[in-house]
Amino acid sequence: HLPIELYTSGQQVRAKMYFAKSKQLSMLRTVCSHINNLFEGVEKRFQYKMRLVYAHFPINATITNGGNTVELRNFLGEKRVRVVN
């Protein structure tokens, strides 16, 4: 746990740390960067692009139902079809 005070003042989120040394300041900058990245991802609607890779068993993935579900066949050599909604 980090001894950081987070509070809002108007439209800004502020982070405060007292008597910090260099390692604590780097942690504070990391927390501020994470917060900035969270807001940026929400504002720009961050979109994940996923790549399907395999090592031994060739996985077959099909997108069905208008792009709402993914069907995985031959996942780890299984016979059943896994459905992800």
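If you're wondering where the values come from, they're calculated on a predicted model, not measured in any experiment.

## Details of the pattern of salt bridges
Item 1. Taken as a whole and assessed by the stated rule, the structure comprises three salt bridges.
Item 2. Of the charged contacts, one joins K44 and E40 as a salt bridge, the two residues approaching to 3.6 Å between their closest N and O atoms. Of this pair, K44 and E40 are both found in helix 1 (residues 22-44), four residues apart, which corresponds to roughly one turn of the helix.
Item 3. Residues E78 and R82 are paired through a salt bridge, measuring 2.9 Å at the closest nitrogen-oxygen approach.
Item 4. Judged by relative accessible area, which is 29%, R82 ranks as partly exposed.

## Things to note about unusual backbone geometry
Item 1. Even without being a glycine, N65 presents a positive backbone phi close to 60°.
Item 2. Secondary-structure assignment places N65 in the loop between strand 3 (60-64) and strand 4 (69-73).
Item 3. One non-glycine residue, L76, lies in positive phi territory at about 55°.
Item 4. In this structure, L76 sits in the loop between strand 4 and strand 5 (82-84).
Item 5. For L76, a relative accessible area of 60% translates into the label exposed.

Criteria and thresholds
- Residues numbered from 1 in each chain as written.
- Predicted model: local features only at pLDDT ≥ 70, side-chain atom pairs only at ≥ 80, totals over all residues.
- Heavy atoms only, no water.
- Salt bridge = Lys/Arg side-chain N within 4 Å of Asp/Glu carboxyl O.
- Helix = DSSP H or I, 4+ residues; strand = E, 2+ residues; numbered from the N terminus.
- Buried < 20%, exposed > 50% of the residue type's maximum accessible area, 1.4 Å probe, protein only.

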